[in-house]
Amino acid sequence: MEQEIFEIILHAGNARGLAFESLEAAEDFDFERAEKLIQEADKELAVAHQLQTKLIQAELNGDLKEKTLLLIHAQDHLMTAMSEQKLIERMIRIIKKLKA
């Protein structure tokens, strides 16, 4: 279980970093790069979400016996990354409108 938890943290962190790089690209009006980075962030979030789903299913099946602070931290990390990415996507749309 710890392996999956650390992988959630890893992929969520990668997604968050890519999303912020995307915002920086948009600030430089490099919208092509911004889109590419957001797509990469989406892929990272998808992996983290799949891992999260695996743990949820294990809990529903009675296989997840222990809820640790590390598991809660991973969940928090993933939810924050997802929320920030959505906000960054919105900010990029706004930057595009302002440039036009």
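Since this is a predicted model, take the numbers as computed values, not measurements. (Residues numbered from 1 in each chain as written. Predicted model: local features only at pLDDT ≥ 70, side-chain atom pairs only at ≥ 80, totals over all residues. Heavy atoms only, no water.)

A. Structural view of the overall build of the protein. A count of helical and extended segments in the protein gives three helices and zero strands. Helices and strands in the protein line up, N terminus first, as α-α-α. In terms of overall dimensions, the protein has C-alpha extents of about 55 × 20 × 15 Å along its principal axes. Residue burial in the protein is summarised as follows: out of 100 residues, 35% are buried. Considering only residue pairs separated by 6 or more positions, the protein has 79% of its internal contacts joining residues 24 or more positions apart. Charged side chains of the protein number 13 positive and 19 negative; the gap between the two group centres comes to 7 Å. (Helix = DSSP H or I, 4+ residues; strand = E, 2+ residues; numbered from the N terminus. Buried < 20%, exposed > 50% of the residue type's maximum accessible area, 1.4 Å probe, protein only. Contact = heavy atoms within 4.5 Å. Lys, Arg positive; Asp, Glu negative; His and termini not counted. Charge placed at Lys NZ, Arg CZ, Asp CG, Glu CD.)

B. Inspection of the packing of aromatic side chains at higher detail. As enumerated under the stated definition, the model contains one aromatic pair in all. One Lys or Arg, Lys99, reaches over the ring of Phe29 and ends 5.0 Å from the middle of that ring. (Phe/Tyr/Trp six-rings, centres within 6.5 Å; stacked < 30°, edge-to-face > 60°. Lys NZ or Arg CZ within 6 Å of the ring centre and 35° of its normal.)

C. Structural view of helix H2 (residues 31–60). Taking 1.5 Å as the rise per residue, H2 with 30 residues should run 44 Å; its terminal C-alpha atoms sit 42 Å apart, in good agreement. Residues of H2 that are buried: Phe31, Ala34, Leu37, Ile38, Ala41, Leu45, Ala48, Leu51, Gln52, Leu55 and Ala58. Just downstream of H2, Gly62 is the residue with a positive phi angle, here 80°. (Expected span 1.5 Å × (residues − 1).)

D. Seen up close, unusual backbone geometry. Within the chain, Phe29 stands out as a residue other than glycine whose phi angle is a positive 65°. Looking at the secondary structure, you find Phe29 in the loop between helix H1 (2–27) and H2.

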